[in-house]
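Residue-level listing of the chains:
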Amino acid sequence: MEEERIGYLIEKCPDTRVIRQIHAHVLTRLLPISAVSFLLSKIVGFCALSRHGDINHARKVFAQTPNPNIFSWNSLIRGYYLVGSQSKVPLFLYKELVKKGYPSANTFTLAFVLKACSNILALDEGKQVHARVFRSGFGSNQFVQTGLVNFYAKCEDIGLAEKVFDEIHERNVIAWSTMISGYAMMGLVNKAFGAFREMQTSNVVPDKVTMVSVISACAMAGALDIGRWIHAYIEKHMIETDIMLSTALVNMYAKCGCIEKAKEIFKGIPVKDHKAWSSMIVGLAVHGLAEEALEAFSRMEESKVTPSHVTFIGVLSACAHGGLVSEGRRYWSSMIELGIEPSIEHYGCMVDLLCRASLVGEACNFVQTMPFYPNPVIWRTLLIGCQKNKMLHKGEVAGEQLLALEPSNPENYILLSNFYASVAQWEKMSHVRKMMKERGMKVVPGCASIEIDGFVHEFVMGDWHHLEAKEIRQALRVIAERVSDAGYEPQVSDVLHNVGSEEKGIYLCEHSERLAIAYGILKTKAPVPIRIVKNLRVCIDCHEVTKIISKIYEREIIVRDRVRFHKFVDGTCSCKDYW
């Protein structure tokens, strides 16, 4: 039968040239309408989903198809989702399908559209799809339910993700992995690990995708003990360690402060792709190991692995953390020569590099060469650079641009307020604070976490709700006395409020990392390192105090702040006071 023969040829088609010939053949043969529709739908599927396909040709064939079936619709929706993960075309196609009313969307349609919604964080559109799921009677379909869990998790509505997950009666490994991945994306390591344990008690065997999700959660939270346990679990149960899982382990150990272990695992990867190389380079960069990061990049080039835009973010970050200005300029030129068009993140790295090196004027000139308007990150970097170098006029310009771009972000007002305080412009500082108050803005407090016995404890500046708050207060007093006896005096320059020095000193003592370090000293003994994760940049005073604590308590203290790692040993820091 000719219809079956042509269908077989489409399935085995080697490239778009041949598929176009088959397409022409179908259109010129006197076949029944039903046969033409069937074959055109097969061509749409090939063009939309095959690696030899062409999504634009798929769209043209789809337009020529009389009464396209749901397979054609699904192929086109999925094809556009795969080609451009940020594309809104899948949503437009779905709306067109719903408007036509025929054919009816099936479970595959809804799952593909939910994936598209999750990629562009289209919460409202996704909720509309969820409503149609119920109206269509697909509310209990596991494929669709898992898609909904993933959608809500990526849109950071973890409550709705949990609600949908709880409604899944028979959870398979995909459903569990999706929920764990959702917790990981939100940095909820305790919940991610709790779900992993519950998954085991439910007799669902985790796979490598599950393990990547749990490891990612550990990486975000800096939960090394849990990460090590997961690594041991992988080895004990002989879960296949492919390049994706190995790269996740490299990333986890690097982000948990164990850069040597990250290097060991990286070395054991037999064939390294650009993601593995990039993870290692970024890991070395945030640890301040600029020379090693650049050496790794050289080895990557020798291995004939093409660097990606992420690789160069790591390379430029390494130059920024190491104060390697001339090297940064050279790698910038190399990136352009390789045909990688600089993104806003690359420009941000260069601005950071120049500002750290006190070349703020050059950074401002560099920003003017950008082909697109600077984002808030770049304006914040410039503002911090101006604060460090006491440059009032340029700082005010950066502050004005920042507030114009993000008028609802309280962090911007705090930065501008601190900038004015640093140059003793108290009246202007008060005006910015007044604006915040009038607009009802709340400051994001400093938060630090420490993992003790497989549980992540969080501390917020000045918050004493911890169950062991009394013991922590006492530990802080003892630490403060010993630090003071070592000759320390509070460096109140980082407390940018118009108050007395004594009050500033008290304010500094309650910074979140101080609470976490005190808890670490309470709960662990040498030589166990104290590992802290902080959501903000470490202030000058806490940096100096932590150096002293590491010496007088003979403890290794590793702090991962918003910018990089600080490894404190015997009164010195790995950043060499350049951060």
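Residues numbered from 1 in each chain as written. Predicted model: local features only at pLDDT ≥ 70, side-chain atom pairs only at ≥ 80, totals over all residues. Heavy atoms only, no water.

What follows is about the domain arrangement of the protein chain. We note that the domain assignment places domain 1 (342-443) and domain 2 (447-573) within the protein chain. Taken over C-alpha atoms, the centre of domain 1 sits 27 Å from the centre of domain 2. (Domains from an automatic or database assignment.)

As a further point, take unusual backbone geometry. A cis geometry characterises the amide bond from tyrosine 102 onward to proline 103, with omega recorded as -5°. Looking along the chain, the bond that leaves alanine 526 and enters proline 527 is cis, with omega of 10°. On the secondary structure map, proline 527 appears in the loop between helix H29 (512-523) and strand S3 (530-534). The phi dihedral of aspartate 570 is positive, around 50°, even though this residue is not glycine. Within the secondary structure layout, aspartate 570 lies in the loop between strand S5 (565-569) and strand S6 (572-573). Here the phi dihedral of lysine 576 falls at roughly 55°; this positive angle occurs in a residue that is not glycine. (Helix = DSSP H or I, 4+ residues; strand = E, 2+ residues; numbered from the N terminus.)

Taken residue by residue, a regular strand's side chains alternate between the two faces of the sheet. Most of strand S1 (residues 447-452) is tucked away: six of the six residues are buried. A two-sided burial pattern is seen for S1, the buried positions comprising Cys447, Ser449 and Glu451 on one face and Ala448, Ile450 and Ile452 on the other. Bridge count between S1 and strand S2 (residues 455-460): six bridges; the pairing is antiparallel. The partner of alanine 448 across the bridge, within S2, is phenylalanine 459. Taking the residues that link successive antiparallel strands as the turn, the S1-S2 hairpin has two residues, and the phi of aspartate 453 there is positive, at about 50°. Sheet analysis places S1 next to S3, joined by two bridges and oriented antiparallel. (Buried < 20%, exposed > 50% of the residue type's maximum accessible area, 1.4 Å probe, protein only. Pairing = 2+ DSSP bridges.)

This brings us to the pattern of salt bridges. For the structure shown, the criterion picks out 21 salt bridges. A salt bridge links arginine 514 to aspartate 541; the shortest N-O distance between them is 2.2 Å. Remark: aspartate 541 occurs in helix H30 (residues 540-552) and arginine 514 occurs in helix H29; sequence separation between them is 27 residues. For the pair arginine 514 and aspartate 541, a shared accessibility class is recorded, and that class is buried. (Salt bridge = Lys/Arg side-chain N within 4 Å of Asp/Glu carboxyl O.)

Here we take up the packing of aromatic side chains. For the coordinates displayed, the defined rule picks out 20 aromatic pairs. Between the aromatic rings of phenylalanine 108 and phenylalanine 112, the centroid separation amounts to 6.4 Å while the plane-to-plane angle is 35°, which identifies the pairing as tilted. One end of the pair is phenylalanine 108 and the other is phenylalanine 112, both in helix H7 (residues 107-119) and four residues apart, which spans about a single turn. On the basis of relative accessible area, phenylalanine 108 is assigned to the partly exposed category, the value being 45%. Taken together, a centroid distance of 5.6 Å and an interplanar angle of 25° make the contact between tryptophan 229 and tyrosine 233 stacked. Here tryptophan 229 and its partner tyrosine 233 are both found in helix H14 (residues 224-236), four residues apart, which amounts to about one turn of the helix. Three or more aromatic residues link up through ring pairs in this structure, and these residues are Phe193, Phe196, Trp229 and Tyr233. The side chain of lysine 272 reaches across the aromatic face of phenylalanine 266, ending 5.1 Å from its centre. Across from the ring centre of tryptophan 464, 4.0 Å away, lies the NZ or CZ of arginine 473, which sits over that ring. (Phe/Tyr/Trp six-rings, centres within 6.5 Å; stacked < 30°, edge-to-face > 60°. Lys NZ or Arg CZ within 6 Å of the ring centre and 35° of its normal.)

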